[in-house]
Amino acid sequence: MRFIQTAQMKSKLLPTLIAFLFILTAPAQFVFAHGGEDHGDQKAPVVSKGTNMIVRVARAGDLEVVIKDPPIEPDKETAARVFITHFATNEPVSGAKVVVVLLGSTPIEVGAVPGTTPGMYEVKLPPLPQGQYKLAARIEHDGENETAEYGSLAVAPLPVSSSSDLATWARTALLILGGLTVLAVLGAFIYRLLPTTRRGRIKGEVAPA
């Protein structure tokens, strides 16, 4: 009877442990093109995790044009990259003439230069006053002229980390520590059950008929 109860307890604990491990360790999966962008027309800017780069995606004719830049602070030169591919095939477009356009009180146009990989172009945005700008990119390739529009771009000081951010980080760390503690307790409990289960099985095998 003890062997049966122990086996039942083990069968209930193992699925719980596996589910808990999956929740803690399963990363969020995203399928992106160009290392962080998705296909489509103009999309809202997103921040690439781990790099803190802002990714802006727009379609221009049969091209997909992606601009990656860090948060732009006032009165500072900013390095950005432009990635151009054919929308249908994802094939990089090389040899294009690329001009990044910023529309504010005074229009600003900055030419990009080819980067180190096919389809990538590098551009240095000049120091800009704080404010809102309309961002676009003009592309000339194979006798065609296309324009990708990205909507509003904010030039503003970086936010200062607040105490609420620190509190959120502390709560997250405590939750992770608590989860690891629970896993350790469950693992130790199951480990202690294994010898009992083994002894019960041996007794059942040698018991007289």
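Scoring rules and cut-offs
- Residues numbered from 1 in each chain as written.
- Predicted model: local features only at pLDDT ≥ 70, side-chain atom pairs only at ≥ 80, totals over all residues.
- Heavy atoms only, no water.
- Helix = DSSP H or I, 4+ residues; strand = E, 2+ residues; numbered from the N terminus.
- Buried < 20%, exposed > 50% of the residue type's maximum accessible area, 1.4 Å probe, protein only.
- Contact = heavy atoms within 4.5 Å.
- Areas by Shrake-Rupley, 256 points an atom, 1.4 Å probe, with all protein chains shown as cover.
- Pairing = 2+ DSSP bridges.
- Core = buried A, V, L, I, M, F, W, Y, C linked by side-chain atoms within 4.5 Å.
- pLDDT = per-residue confidence, 0-100.
- Polar contact = N/O pair within 3.5 Å; in protein donor to acceptor, adjacent residues only side chain to side chain.
- Axes fitted to C-alpha atoms, helices over the stretch in contact; angles between N-to-C directions.
- Salt bridge = Lys/Arg side-chain N within 4 Å of Asp/Glu carboxyl O.

Student: Just checking my understanding: could you explain the overall build of the protein chain for this structure?
Tutor: Looking only at helices and strands, the protein chain features two helices and 10 strands. Within the protein chain, the fraction of its 209 residues that count as buried is 30%. Taking the contacts inside the protein chain whose residues are at least 6 apart along the sequence as the reference set, 53% of them involve residues at least 24 apart. Element-wise, carbon and sulfur atoms account for 61% of the exposed surface of the protein chain, whose accessible area totals about 13,700 Å².

Student: Whenever I open this one, the sheet that holds strand β2 (residues 53-60) confuses me. Can you help?
Tutor: Note on sheets: strands pair through backbone hydrogen bonds, and any given pair is parallel or antiparallel. The sheet built from six strands is open, its strands ordered β1-β2-β3-β4-β8-β7 with antiparallel pairing. If you trace the sheet from one side to the other, it starts and ends with β1 (46-48) and β7 (113-114), each paired once.

Student: How should the nonpolar core be read in this particular structure?
Tutor: One recurring pattern in soluble globular proteins: nonpolar side chains tend to sit buried together. Grouped together as the largest cluster of nonpolar side chains are 28 residues, with contacts concentrated most on Val65, Val82, Ile84, Val123 and Tyr150. Listed by contribution, the elements that provide at least two residues to this core are β2, β3 (63-69), β4 (78-86), β5 (97-103), β8 (120-125), β9 (131-141) and β10 (144-155). If you look at the next biggest cluster of nonpolar residues, it comprises five residues, including Val55, Val57, Phe83 and Met120.

Student: I tried to follow the environment of Gln130 on my own but got confused; where do I start?
Tutor: Examined against the element boundaries, Gln130 turns out to sit in the loop between β8 and β9. The sequence separation of Gln130 and Ile72 amounts to 58 residues, and the corresponding C-alpha distance is 9.2 Å. The contact partners of Gln130, leaving out residues within four places of it in the chain, are Pro74, Val155, Ala156 and Pro157.

Student: Help me understand the confidence of the model for the protein chain, please; the structure alone is not making it clear to me.
Tutor: For any part of a model where pLDDT is low, the fine detail of the predicted coordinates should not be relied upon. Looking at the protein chain as a whole, the pLDDT averages 78, with 67% of positions reaching at least 70. Segment residues 2-7 is flagged for pLDDT under 50; beyond a separation of four residues in sequence, or across chains, it makes seven contacts in the model. This model gives residues 22-40 a pLDDT under 50, and the stretch forms 29 contacts once residues within four places in sequence are excluded.

Student: Can you walk me through the side chain of Arg56 in this structure?
Tutor: Relative to the elements of secondary structure, Arg56 occurs in strand β2. Polar contacts involving the side chain of Arg56 include one to the side chain of Asp69, which spans 2.9 Å.

Student: Got a minute to help me understand the sheet that holds β10 in this structure?
Tutor: Taken together, four strands build an open sheet; the order of strands is β6-β5-β9-β10 and the sheet is antiparallel. Edge positions in the open sheet fall to β6 (108-111) and β10, since each of these has one partner strand only. Going from strand to strand, the sheet's axes swing by 20° on average, the running direction of each strand aside.

Student: Would you mind showing me how to read the pattern of salt bridges here?
Tutor: Opposite charge on two side chains permits pairing when their charged atoms draw close. Scanning the entire structure with this criterion turns up four salt bridges. Between Glu122 and Arg81 there is a salt bridge, with the nearest N and O atoms lying 3.8 Å from each other. Remark: Arg81 occurs in strand β4 and Glu122 occurs in strand β8; sequence separation between them is 41 residues. Glu122 gets classed as partly exposed once you look at its relative accessible area, which sits at 30%. Among the residues examined, Arg81 registers a relative accessible area of 40% and is labelled partly exposed.

Student: When you look at the pairing of β3 in this model, what are you seeing that I'm missing?
Tutor: Side-chain direction in a regular strand flips from residue to residue, so the side chains alternate between the two faces of the sheet. Where burial is concerned, most of β3 is hidden: seven out of the seven residues are buried. Side chains of β3 alternate between two faces, with Leu63, Val65, Ile67 and Asp69 and Glu64, Val66 and Lys68 buried alike. Between β2 and β3, which pair antiparallel and follow one another directly, the connecting turn spans two residues, one of which, Gly61, has a positive phi of 60°. Where β3 lies against β4, six bridges are found, and the strand directions are antiparallel. Looking at the pairing, Val66 lines up with Phe83 of β4.

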